[in-house]
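Residues per chain are reported as follows:
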Amino acid sequence: MLTVENMRVDLGDFTMEGSFEVAKGARVAVMGPSGAGKSTLLNVIAGFQDATGRLMWEGQEIGTLPPAERPVSMVFQDNNLFPHLTAFQNVGLGISPRLKLSEADRARVMDTLQRVGLDGFEDRKPAALSGGQQSRVAVARMLLREKPLVLLDEPFAALGPAMRVEMLGLVRDLVAETGATLLMISHDPEDARLIADQCILVAEGRVEAPVETGAFLANPPAAMRRYLG
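A brief report on the enclosed structure follows. No experiment lies behind these values; they were computed from the predicted model shown.

## Concerning helix H4 (residues 131-145)
Here comes step 1: Taking 1.5 Å per residue as the helical rise, H4 with its 15 residues ought to reach 21 Å, and the 22 Å between its terminal C-alpha atoms agrees with that figure.
Here comes step 2: Burial of H4 is extensive: 12 of the 15 residues sit out of reach of the surface.
Here comes step 3: Restricting attention to buried positions, one finds in H4 the residues Gly132, Gln133, Ser135, Arg136, Val137, Ala138, Val139, Ala140, Arg141, Met142, Leu143 and Leu144.
Here comes step 4: Packing partners of the buried residues in H4 comprise strand S6 (72-75), helix H2 (87-92), helix H3 (103-115), strand S7 (149-152) and helix H5 (161-178).

Right under this line is the structure:
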């Protein structure tokens, strides 16, 4: 399980605090108003943002580890693809940052591209891929990293409704298949219903404990009701 104890993040103009636990294998939507600190929370877990308190995975302290050593794979809003590399190479970075790939590694990359629906697109660079295809490359790289904790910072926000639903379904199925724990930032209640078992509210400087998705959306906290209008 992921355990966050007495987290405190000083963001200059405001402070964010909270303690919560996420069960292993859970799928959690991180929701709340814009600017409340949702991305900051994921960055704390990934190691890109300093915070006080304790951060543990399966009882082991990970808050002192550098990002590369944490059991975390993160997909960013812009997918973080390298424009000069092909889809194959961008995915291969999930195995080797220097792209030193064995034949077995190359076979794994090709298999993963096929699993996310990109068979035949391996030689294309990001500029030659649609937004949905770029998102699939990022998801494939995340899969190859084989980390037990997956963080999604709205990587599908720029996609149209149909493509976004398709990508959320793909991630939901792949995460279920691998048993990974998922935290995904979302502004859309329908996205949360589609992919998440639970929701975490980030609002007014607080990170609240997870609540079952149906209950959370049926009776949203006051800060969430104000945000949704």
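## A few points about the pattern of salt bridges
Here comes step 1: Tallied over the entire structure, the rule returns 14 salt bridges.
Here comes step 2: For the salt bridge of Glu17 with Arg206, the shortest nitrogen-to-oxygen distance reads 4.0 Å. Of this pair, Glu17 sits in strand S2 (residues 15-22) while Arg206 sits in strand S10 (residues 206-207), and the two are 189 residues apart along the sequence.
Here comes step 3: The class of Glu17 is partly exposed, set by a relative accessible area of 28%.
Here comes step 4: Arg206 sits in the partly exposed class, given a relative accessible area of 35%.

How each quantity is defined
Residues numbered from 1 in each chain as written. Predicted model: local features only at pLDDT ≥ 70, side-chain atom pairs only at ≥ 80, totals over all residues. Heavy atoms only, no water. Helix = DSSP H or I, 4+ residues; strand = E, 2+ residues; numbered from the N terminus. Expected span 1.5 Å × (residues − 1). Buried < 20%, exposed > 50% of the residue type's maximum accessible area, 1.4 Å probe, protein only. Contact = heavy atoms within 4.5 Å. Salt bridge = Lys/Arg side-chain N within 4 Å of Asp/Glu carboxyl O.

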